[in-house]
Structures are given as C-alpha cells and as structure tokens.
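Spelled out, the chains give:
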Amino acid sequence: MTSGVKVKTWRNWSGAVVAHPSSFLQPESVDALKAALRDASARAGTVRVVGSGHSFPPLCATDETMVSLEALHGLESVDAAAREAVVWAGTNLRELGTLLASHGLAMENLGDINKQSLGGALGTGTHGTGVGLGILSTQAAAMTLVTASGDEVTCSEDASPELLQAARVSLGALGVVTRVRLRLLPAYRLRLTRRNLGLEECLAGLEEARARHRHYEFFWFPHSDRVMTKAMDLTDEPPHGVGVGRWLNEMVMENAVFGAVSRACRLRPALCAPVSRLSAKLASEGVLAGQSHTLFATPRLVRFQEMEYGVPVERGPDCLRELAEYITRQQLPVHFPVEYRFVRGDDVFLSPAHGGDRAFIAVHQYRGMPLEPYFSGAEAIFRNHGGRPHWGKLHTQTAATLKHLYPRWDDFQRVREQLDPEGRFLNPYLRRLFLEEGAKSATHPRA
Ligand SMILES: Cc1cc2nc3c(=O)[nH]c(=O)nc-3n(C[C@H](O)[C@H](O)[C@H](O)COP(=O)(O)OP(=O)(O)OC[C@H]3O[C@@H](n4cnc5c(N)ncnc54)[C@H](O)[C@@H]3O)c2cc1C
C-alpha cells in the first residue's frame, strides 16, 4: 500500500529550498514502491526520493512526484556473528544507533548529527572524521534499489561490484535504495576530549594529532587565532559527562544562546567578529565518555547554510590559512566556526574522497545572512586546492566542471543511463549536475 500524504509545501532543513510536489508518496512495501515508480514511468513523470531533507541544495525538490521511505524503516535482519545488518533505507541514523546497540553492534563512524535517513546519508557521501575512516557509504557491503522501470536490483562486492560503487553515492539518480547491508563493529565506547588552542599551534601538530586519534577535528573561530579541537578514541571507561549537564550545555548554552546571538548578528553584522572572538574564549575544554552512537551527534537547532569541500589532505592547512586570511582581509560578517575534518580515501565513483585521503573544510552562514561573497570566495579557494564539493551541501559546480574531478565520472554516468535512460530521477538541479545542458543555471539557492 502507498499512503498518498497531502504535502502542499515541502521545505528542507535550512528552509531555503521550497517545493510543491504534485504528489507525496509514502509506500509501505517494496511492491507499493515498484507500482508507484511504474506508474510515474507510464505517465512520463519524474520522481525524487527524499530522506530527512537535511541536504542544503535542491536535490530533492520537485513539482512532480516526491517519494519518502519513512514507512520503510528499521532492521530487516541482523547477523551479529558476521557483524552485519540489513537496514531499511528509510531508517534515521538515531533510530539505527539504538537498534544496533540492542544487538551489541555499532556503525564504524557517524557525522555531526543523526537526523538523516540512511538512504540520504549514503546518497550524498555523508562522512564523519578520522583519517582511517571512510565516508559512511564505504560501510555498505550490499544495496538493493528499485529502478525507474519498477525492477529490483541488488548489488554487492561479489555480485555487480561496479553497480555497488555507483550506488554507494548516487544522489537518488539511479533508483530508490530500499535496503542496505551494513558492515558493523561490536558496540564500543569513546572518550571525547575538547581543547582550546591557537590556530598555528593546532596546524603545527595536525599531522601527529590526526594520526594519533581515531577521530580528530577542529573548529576555527573567524576573526580570532583560536580553535577548538575535538579528539575521540576507544575507551573502556564507563560513561561520564553525558547526562543532564551535557544536555543543558548543548540545548541551552550552545543552541539557545547561539541562536540569540545569531539573530543579533543578522541585525547588526558588525557584531560577528566580536561574537566569534567571544565564542573562542568561552569554548570550554572537557572530557566525556559514552557509547559511540550517543557521542558523535550533537543537536543543531540554529538553522544555517553550509558549503563543504574535501581537498587532498596535504593541501588542507594551506587551504584553511588562505580561507582565514580571506575572511579577515574582507572583514566578512561570519560568526559560525569553520569546521575541519579528515576522511580516508576510497574508490566509490562519486565519493569526494575518491582516490586519496581528504581534509574536509566546511563554512557555515546563519540563515538569512548573505552568502556572498563568503561562499563564492571560499569556493574559489577550495577549488584552487583541488577540492571536491560535498554533494549534500552548497556549491556551484556543474557537469562541465565535475567530470574533471572524478576519474570514474563516465562510469557513473554509464550506470545512470543504463538504469534510468529516460531521466525519470532527474530534477533541474540534477540535470545541472549530470547533463551539460544544465550548466548555465549555476546559482546558490537564496540564504
Ligand atoms: C545540521 C546538519 C548537519 C550535518 N552534518 C553532516 C556531517 O557531519 N557530515 C556530513 O557529511 N554531512 C552532514 N550533513 C549533510 C547531510 O548528512 C546530508 O545532506 C544527508 O544527505 C542528509 O540526509 P537526508 O536523509 O536528510 O537526505 P535528503 O537531504 O532528504 O536527500 C539527500 C539525497 O539522497 C537521496 N536519497 C534519500 N533517500 C534515498 C533513497 N532511499 N534512495 C536513493 N536516494 C535517496 C535524495 O534523493 C537526495 O539526492 C549535515 C546536514 C545538516 C543540515
């Protein structure tokens, strides 16, 4: 059965992408999904599958059919001995963490939040941080998709490995991913240590720190020379520091206070520099320990826009220095910290980490504040350093430029054309990414 939910207006998390799908479907079985896709094909209509809507660009936007897999969630099967589970793609990462923990299992890594659907997180190459850890999609050992013709296709490392390398990061352009077989770890605990350091001191010790810690990242506070580093390592310590105190700190101190100062910065952009410098002073050092799935994610209630690029890992420090110099020289109104993370290289066709380890650098701007010239200047610097954009974040690249960044671009396109010859899964934004003809319409969505 498919529930046809009336959704007049759909908005993404940032609120900047608004769509009016003519129908919004929530299939409750794979058969219902197949029927919906066949029906769309018969009408020559297009379909976009949506996860939790946490991507910044208009990846999911459509005025035709929008399909949500929200009703297809949870674990299909678990093999604790083999450390694998087959998971429905509509499962959000928070639910997934809890379900896996009840079987003594855990994901190898996660990003900053756990609101994303598994399908969306994999579809855009979502990553956490850790030079030994790949994007989340590298944990997908097999995937099942329903294609535009309504047929089911399964790929794995043994059967159709090429399709798997295309499907691991596919932006919903190959078909609707229904189930994923994930490679997992026995449940584990992490110890998180936060430190407040000078930027140059942090960069001088970066090589050593990223090699020493399982997860390492830092946040640079614009208009200051300070950073906050975050290191996480395996531990046997019992959980501590993760109770009500952490909740109060994150919800009240970080989100409520930061929300209030962000509104003030939007009204008076001259406040951005002093606010950022004050945040650097107040950034508290500390140590916590807890189950991995409870420690990775933090609540992000203050809405923003984001651009993130992965540059070759050795180019990261110079890239950040140039970005810092640009923000300072231009006195840009920015009060959100710049985030710096690490991702292991892989061979997924459209992974931004394809072919080698990457440093991911992300810039954020409060909702409603101007993105220009901040994002365009940052993007020029990222591109000069050989960067590739995060698919779930803002960028202005098109098929004409993207194809030079990915050695397996043509292989992805071949698979896409085989599975979706009529372009049933392409909206205008995806046409811009995958077809030359869209190349002229590159603009940032509004703030
Ligand atoms: C506050 C915030 C924090 C974030 N933190 C991080 C982070 O730490 N690391 C990081 O890498 N990214 C991060 N992101 C980006 C986010 O992880 C990605 O944009 C992710 O795709 C969002 O998942 P979603 O379920 O919301 O997907 P959506 O935005 O709904 O969809 C994303 C894409 O996936 C496709 N898709 C969704 N489901 C399926 C399916 N079942 N089959 C086929 N295709 C599908 C859609 O068609 C679309 O192209 C963050 C975003 C926000 C807003």
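The shown structure was predicted, so the numbers you read here are calculated from the model rather than taken from an experiment. (Residues numbered from 1 in each chain as written. Predicted model: local features only at pLDDT ≥ 70, side-chain atom pairs only at ≥ 80, totals over all residues. Heavy atoms only, no water.)

1. So, the domain arrangement of the protein chain
Per the domain assignment, the segments making up the protein chain are domain 1 (10–68), domain 2 (75–186) and domain 3 (189–396). Computed over C-alpha atoms only, the centres of domain 2 and domain 3 are separated by 25 Å. Facing 31 residues of domain 2, the contacting portion of domain 3 comprises 28 residues. With both sides pooled, the region where domain 2 packs onto domain 3 buries about 2,700 Å², and carbon together with sulfur makes up 59% of that total. Connecting domain 2 to domain 3 are two salt bridges. (Domains from an automatic or database assignment. Contact = heavy atoms within 4.5 Å. Buried area = accessible area lost by both parts, 1.4 Å probe. Salt bridge = Lys/Arg side-chain N within 4 Å of Asp/Glu carboxyl O.)

2. Here's the deal with the sheet that holds strand β11 (residues 152–156)
One open sheet accounts for five strands, arranged β7-β8-β12-β10-β11; its pairing is antiparallel. The open sheet is flanked by β7 (75–79) and β11, the only strands paired with a single partner. Each strand of the sheet is rotated relative to its neighbour by a mean of 10 degrees, with strand direction disregarded. Sheet topology places β7 next to strand β8 (residues 84–88); four bridges connect them, and they run antiparallel. (Pairing = 2+ DSSP bridges. Helix = DSSP H or I, 4+ residues; strand = E, 2+ residues; numbered from the N terminus. Axes fitted to C-alpha atoms, helices over the stretch in contact; angles between N-to-C directions.)

3. Overview of the UniProt feature "domain: FAD-binding PCMH-type" (unreviewed entry) in the protein chain
Those residues carrying the UniProt feature "domain: FAD-binding PCMH-type" (unreviewed entry) are residues 17–187 in this numbering. Secondary structure over residues 17–187 splits into 20% helix and 29% strand, and the C-alpha atoms at its two ends are 37 Å apart. (UniProt positions renumbered as here; feature names shortened; annotations may be inferred.)

4. Section: the environment of valine 146
Tracing the sequence through the fold places valine 146 in strand β10 (residues 140–146). For valine 146, a relative accessible area of 0% puts it in the buried group. The sequence separation of valine 146 and valine 176 amounts to 30 residues, and the corresponding C-alpha distance is 5.2 Å. (Buried < 20%, exposed > 50% of the residue type's maximum accessible area, 1.4 Å probe, protein only.)

5. Quick look at the layout of surface pockets
Looking at the second largest pocket, its volume works out to about 980 Å³. Lining the second largest pocket we find 29 residues, and of these Phe221, Glu254, Phe258, Ser279 and Pro337 sit closest to its centre. Elements supplying a minimum of two residues to the lining of the second largest pocket: β16 (226–235), α7 (244–267) and α8 (272–282). With eight residues, α7 is the largest single contributor of residues to the lining of the second largest pocket. Split into classes, the residues belonging to the lining of the second largest pocket amount to 17 nonpolar, six polar and six charged. (1 Å grid on protein atoms, 1.4 Å probe; cavity = no way out; pocket = protein on both sides within 12 Å on 5 of 7 lines; lining within 4 Å. Points joined across faces, edges and corners; volume = space filled by probe spheres on them. Nonpolar A, V, L, I, M, F, W, Y, C, P; charged D, E, K, R; others polar.)

6. A look at the pairing of strand β19 (residues 338–343)
Within β19, six of the six residues are buried, which leaves the element mostly enclosed by the surrounding structure. Residues Val338, Tyr340 and Phe342 point to one face of β19 and Glu339, Arg341 and Val343 to the other, with burial holding for every one of them. Examined bridge by bridge, strand β15 (residues 215–220) and β19 share three bridges and lie antiparallel to one another. Counterpart to phenylalanine 219 in the pairing with β19 is glutamate 339. Two elements, β19 and strand β20 (residues 358–366), share five bridges in a ladder whose sense is antiparallel.

7. A short note on helix α11 (residues 374–384)
All of the buried residues in α11 are Tyr374, Phe375, Gly377, Ala378, Glu379, Ile381 and Phe382. Where α11 is buried, its residues contact β18 (304–312), α10 (316–330), β19 and β20. Taken from the residues just after α11, glycine 386 is the one with a positive phi, measuring 75 degrees.

8. A word on the nonpolar core
In terms of nonpolar packing, the biggest core is built from 82 residues, with Met143, Leu174, Leu350, Trp391 and Phe434 touching the most fellow members. With five residues, the single largest contributor to this core is helix α1 (residues 30–42). Filtering out sequence-adjacent residues up to four positions away, leucine 350 remains in contact with Val169, Leu171, Trp391, Tyr406, Trp409, Phe412 and Phe434. In this structure, Tyr216, Leu323, Ala378 and Leu394 belong to the second largest nonpolar core, which totals 48 residues. (Core = buried A, V, L, I, M, F, W, Y, C linked by side-chain atoms within 4.5 Å.)

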